[in-house]
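Listed below, chain by chain, are the residues.
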Amino acid sequence: MAWKKYRFGTRFYDALSGEWAVYRAGRVAGIELMGLRAGDTVLDLGCGTGLSFELLVNAVGPPGHVIGVDASAQMLQVAAKRAVRNGWTNVRVVQADATKLSAEDLADEGATPQIDAVFSAYALSVMGNHPTVLERATRLLVPGGRVGIVDMQRPVGAAAIFTPLARLACAMGGADIEAHPWEWLTQRANNVKQTSRRGGHIQAVTGTLK
Ligand SMILES: C[S@@+](CC[C@H](N)C(=O)[O-])C[C@H]1O[C@@H](n2cnc3c(N)ncnc32)[C@H](O)[C@@H]1O
């Protein structure tokens, strides 16, 4: 249960996550690459404290919706506060284990939302069973729905000298640096777009399932 690591110290997650120095760049790139449209409903899998919410809210606009899913009640508490503090009334959070996610988990007042896009940043490499997570989540997508994955690998080329640092960052967050969850998508999607940041350490991949 990798998410159990994310029950403690969640108030300090944002400060300790290297967001501004390293990881925000990948989040920005991945969300831009997804080409979300105004009015879309996007699922943020393993949303954590909601660090992607602002970018997702801006991409889907006031008519759109962001549903943050995470197994950790403590991370979601921070995420929900972020949404309230910023007046994002089109954001809601759902506590669920992504390896068992179903449409019922996402139901709101008895209605199951239409999901236009599934996004996940720095979470699939933590979950341990990303193929199951992606299979379950993408089953909920509308036909032609988009998938966006931002995650980590070892830096490449000249940046390979930073591999020990990258390994440390992943180990601290419980992420498997060799998981490469975006490969699930590149093997199954049309219109694959891929970019990288921070010497290849961050990979952002989007596509539409065949
Ligand atoms: C490294 S954090 C990333 C959070 C956020 N996406 C971000 O970009 O900052 C990984 C998150 O995945 C969540 N997580 C891990 N396993 C999970 C599971 N099986 N189901 C749902 N969430 C899970 C953890 O609780 C944690 O909030």
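Quick caveat, the model's predicted, so the values are computed rather than measured.

So, how was this worked out
Residues numbered from 1 in each chain as written. Predicted model: local features only at pLDDT ≥ 70, side-chain atom pairs only at ≥ 80, totals over all residues. Heavy atoms only, no water. Helix = DSSP H or I, 4+ residues; strand = E, 2+ residues; numbered from the N terminus. Buried < 20%, exposed > 50% of the residue type's maximum accessible area, 1.4 Å probe, protein only. Near = heavy atom within 4 Å. Polar contact = N/O pair within 3.5 Å; in protein donor to acceptor, adjacent residues only side chain to side chain. Areas by Shrake-Rupley, 256 points an atom, 1.4 Å probe, with all protein chains shown as cover. Nonpolar A, V, L, I, M, F, W, Y, C, P; charged D, E, K, R; others polar. UniProt positions renumbered as here; feature names shortened; annotations may be inferred. Lys, Arg positive; Asp, Glu negative; His and termini not counted. Salt bridge = Lys/Arg side-chain N within 4 Å of Asp/Glu carboxyl O. Contact = heavy atoms within 4.5 Å.

This part covers the environment of Ala2. By the secondary structure assignment, Ala2 is in the segment before α1 (13–16). Ala2 sits in the partly exposed class, given a relative accessible area of 28%.

Close contacts around the ligand come from 20 residues, with Arg27, Gly46, Asp70, Ala98 and Ala121 the closest. With respect to the ligand, the backbone of Ala121 contributes an N or O atom lying 2.8 Å from a nitrogen atom. Here the ligand loses 97% of its free accessible area of 600 Å² to cover by the protein chains. A class-by-class count of the residues in the shell around the ligand yields 14 nonpolar, three polar and three charged.

Quick look at the UniProt feature "domain: Methyltransferase" (unreviewed entry) in the protein chain now. With numbering aligned to this structure, UniProt lists the feature "domain: Methyltransferase" (unreviewed entry) at residues 38–153. Between the first and last C-alpha atoms of residues 38–153 the distance is 32 Å; the span itself is 34% helix and 30% strand.

Let us look at the side chain of Asp44. With respect to the helices, strands and loops of the structure, Asp44 is situated in strand β1 (residues 41–45). It is Arg27 that comes nearest to the buried, bridge-free Asp44 among opposite-charge side chains, at 6.3 Å. If we skip the residues at most four places from it in the chain, Asp44 touches Ser52, Phe53, Leu56, Ile67, Gly68, Val69 and Phe119.

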